[in-house]
Amino acid sequence: MTLNWLDLFPETVKRMLLNLSKELLDHVEEVRIREERPLEINSAGKHHFLDRCGGLTLRPDEAYKPTREDTHRLLDLISNHSLYTMEEELRKGFITIPGGHRVGLTGRTVLSGGKVEHIRDISGFNVRIAKEVQGAADDIIPHLLDRKRKRVMHSLILSPPQQGKTTLLRDLARQISYGKWGKSTVHWPGMKVGIIDERSEIAGCLRGVPGFDVGPRTDVLDGCPKAEGMMMMIRSMSPDVLIVDEIGRPEDAEAVIEALHAGISVIATAHGSSIQDMRGRPALAGLLENRMFEMYAVLNRTGDHRSFKLFDGGQRTLQTAAAGPPGGDAYA
């Protein structure tokens, strides 16, 4: 069971959020708290400020402004009253909490040897709400299957931040593990899936146990660096498919190549709004030039409308399609 995300907030903010309609509350993607500045929520690509009664407004001067007491209490809650144990997370600028929710942090950085050691005087928070959307992969997964060889193709999913890559990846893991395969007509058994969950967002593990349904044949390395985790998973768990979020470093690319040469299918995500964006990132450019991926999916979102474009390993356009599970809430 994942943590109720409303319990992350101090009572003052929690009461305002509970005054929102259930429909809006169910679709909140981000809550942004900035000390002494307007309280903001984001949903379906739109932003609103909240007033003291939990009403929506687009006017900053009408919004509730969280106090220092609010931000200190929030920091206490998300760090489980032990901020000093979160040094590594503070160095990265975010904390991932049970349920896969991710809290971005801003404040004054403390440097050591020219590198960020940690953040202090924390006054800004971006709480990103993790959601389990079963069916999010229904439209896309049939395109990632090599039907002749009965395998999952090496695939890279691209999109800018907050387009739903992680939600999609979570459902891909679930479906591959169960052998459900979305809207395709194939009837293959489920495969062994290995998730490298560096930020504890995909599976939402608590004490090593996934909080989300990622499938019955899925193993998770939680809180493990991607490159190292991929090699550990290959050596110890013999997965059929490796799932990894937001690759981009040279060591990530090397681990992907190693997995592909070991005969393991890889489904990964990366930031970018087009395949062309990969050319500006040396690690990803090498994967592109050497055709290490057989399929690329570029996600796009305009308000509530989601779509994806598919390209083969030679970067030829294959298809553009709308995307979304029953109910239309795709990659929230």
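Below is a short write-up of the structure. (Residues numbered from 1 in each chain as written. Predicted model: local features only at pLDDT ≥ 70, side-chain atom pairs only at ≥ 80, totals over all residues. Heavy atoms only, no water.)

A look at the sheet that holds strand β1 (residues 30–34)
For the record, the criterion: Any two strands with at least two DSSP bridges between them are considered paired. Helix and strand definitions here come from DSSP, where helices need a minimum of 4 consecutive H or I residues and strands a minimum of 2 consecutive E residues; each element is numbered from the N-terminal end. Two residues form a contact once any of their heavy atoms are found within 4.5 Å. Orientation is described by axes fitted as lines to C-alpha atoms, over the contacting stretch for helices, and by angles from 0 to 180 degrees between their N-to-C directions.
One open sheet accounts for 7 strands, arranged β4-β3-β2-β1-β7-β6-β5; its pairing is antiparallel. With partners counted over all chains shown, the strands left at the sheet margins are β4 (56–57) and β5 (94–97), one partner each. Looking at chain direction, strand β6 (residues 101–112) and strand β7 (residues 115–128) are connected through 10 bridges and run antiparallel. Across the sheet, residue Thr109 finds its bridge partner in β7, namely Ile119. Strand contacts of helix α3 (residues 68–78): β1, β5, β6 and β7, with the helix running at about 100° to β7, the strand carrying the most contacts.

Describing the packing of aromatic side chains
Each aromatic ring pair is characterised by the separation of its centres together with the angle its planes make. Rules: For Phe, Tyr and Trp, where Trp contributes only its six-membered ring, two rings pair if their centres lie within 6.5 Å, and the inter-plane angle classes them as stacked under 30 degrees, edge-to-face over 60, or tilted in between. Burial here depends on accessible area, computed with a 1.4 Å probe over protein chains only, as a share of the maximum for the residue type. Under 20% is buried, over 50% is exposed, and the range in between is partly exposed. Lysine and arginine charges are scored as sitting over a ring when NZ or CZ, respectively, is within 6 Å of the ring centre and within 35 degrees of the ring normal.
Scanning all chains against the criterion turns up 3 aromatic pairs. Ring plane angle 65° and centroid distance 5.4 Å describe the contact between Trp181 and Trp188, whose orientation is recorded as edge-to-face. Overall, Trp188 belongs to the buried group, its relative accessible area being 10%. Over the ring of Phe94 we find Arg102; its NZ or CZ atom is 4.1 Å from the centre of that ring. When the ring centre of Tyr178 is taken as reference, the NZ or CZ atom of Lys180 above it lies at 4.8 Å.

Focus: the side chain of Asn42
Put simply, the rule reads: Whenever a nitrogen or oxygen atom comes within 3.5 Å of another N or O atom, the pair is scored as a polar contact, on the condition that within protein one atom can donate a hydrogen and the other can accept it, and that pairs from neighbouring residues in sequence are kept only if both atoms are in side chains.
Relative to the elements of secondary structure, Asn42 occurs in strand β2 (residues 40–43). Within the local environment of Asn42, its side chain forms a polar contact with the side chain of Glu30, the two groups lying 2.8 Å apart. When residues no more than four places from it in sequence are discounted, the contact partners of Asn42 are Val28, Glu29, Glu30, Arg32, His47 and Gln162.

Section: the pairing of strand β14 (residues 265–271)
Keep this limit in mind: A crossover gets the label right-handed when its path from the first strand over the helix to the second runs clockwise, viewed with the strands pointing away from the viewer.
The element β14 is extensively covered by neighbouring structure, given that 6 of its 7 residues are classed as buried. Of the strand pairs in this sheet, strand β10 (residues 155–159) and β14 are connected by 5 bridges, and their pairing is parallel. Each residue of the ladder has a partner; that of Leu158, found in β14, is Ala270. Relative to β14, strand β13 (residues 241–244) runs parallel, the two sharing 4 bridges. Its bridge partner lying in β14, Val241 is registered against Ser265. Since β13 and β14 lie parallel, the crossover through helix α7 (residues 250–261) that links them has a hand, and here it is right-handed.

Things to note about α7
Inclusion rule: The span expected for a helix works out to 1.5 Å for each residue beyond the first. Of all possible arcs, the one meant is that of the directions from the helix axis to the C-beta atoms.
Between the first and last C-alpha of α7 there are 17 Å, a value that for 12 residues agrees with the 16 Å anticipated at 1.5 Å per step. Along α7, the positions that sit buried rather than exposed are Asp252, Ala253, Ala255, Val256, Ala259 and Leu260. For α7, the angular spread of buried residues about the axis comes to 165°, placing them on one side. Residues Pro250, Glu254 and His261 are exposed on α7 and point more than 90 degrees away from its buried face.

Details of the environment of Ala136
Residue placement: Ala136 occurs in the loop between β7 and β8 (145–146). For the pair formed by Ala136 and Asp312, sequence separation is 176 residues and the distance between their alpha carbons is 21 Å.

Describing the pairing of β13
Successive residues of a regular strand alternate their side chains across the two faces of the sheet. Neither face of β13 is left uncovered, since the one carrying Val241 and Ile243 and the one carrying Leu242 and Val244 both have all their residues buried. Across 4 bridges, the pairing between strand β11 (residues 193–197) and β13 is parallel. Across the sheet, the residue bridging to Ile195 is Ile243, located in β13.

Quick word on the state of the cysteines
Note the cut-off: The disulfide criterion used throughout: a pair of cysteine sulfur atoms within 2.5 Å.
This structure, assessed with the given rule, holds 0 disulfides. The structure places no disulfide on Cys205, whose sulfur is separated from the nearest cysteine sulfur, that of Cys224, by 12 Å. We classify Cys205 as buried; its relative accessible area is 8%. With a relative accessible area of 10%, Cys224 lands in the buried category.

Brief notes about helix α9 (residues 282–289)
Buried residues of α9: Ala283, Leu284, Ala285, Leu287 and Leu288, and no others. Just downstream of α9, Arg291 is the residue with a positive phi angle, here 50°.

As for the side chain of Glu198
For Glu198, the location among the structural elements is in the loop between β11 and β12 (218–222). Of note is the side chain of Glu198, whose polar atom sits 2.7 Å from the side chain of Lys226. Setting aside its immediate chain neighbours within four residues, Glu198 contacts Lys92, Gly223, Cys224, Pro225, Lys226 and Arg249.

Looking at the nonpolar core
Stated precisely, the cut-off is as follows: Nonpolar core, defined: a set of buried Ala, Val, Leu, Ile, Met, Phe, Trp, Tyr and Cys residues in which side-chain atoms within 4.5 Å join the residues together.
Counting residues in each nonpolar core, the largest one holds 31 residues, and the members touching the most others are Leu172, Ile176, Trp181 and Ile267. Of all the secondary-structure elements, those providing two or more residues to this core are α5 (165–178), β11, β13, β15 (295–302) and β16 (305–312). At 5 residues, the largest contribution of residues to this core is made by α5. With sequence-adjacent residues up to four places away left out, Ile267 is seen in contact with Val152, Met153, Ser155, Ile157, Leu169, Leu172, Ile176, Val241, Leu242, Ile243 and Val244.

Some thoughts on the pattern of salt bridges
As a reminder of what qualifies: By convention in these notes, a salt bridge is any Lys or Arg side-chain nitrogen within 4 Å of a carboxyl oxygen on Asp or Glu.
A full pass over the atoms with the stated rule returns 25 salt bridges. Between Arg91 and Glu117 there is a salt bridge whose closest N-O contact spans 3.4 Å. One end of the pair, Arg91, is in helix α4 (residues 87–92); the other, Glu117, is in strand β7, with 26 residues separating them in the sequence. By relative accessible area, Arg91 is classed as partly exposed at 31%. The partner of Glu246 in a salt bridge is Arg199, with the nearest N and O atoms 3.1 Å apart. Taken as a pair, Glu246 in the loop between β13 and α7 and Arg199 in the loop between β11 and β12 lie far apart in primary sequence, 47 residues in all. Arg199 gets classed as buried once you look at its relative accessible area, which sits at 10%. Each of Lys92, Glu198, Lys226, Arg249, Glu251 and Asp252 takes part in a single network of salt bridges with overlapping partners.

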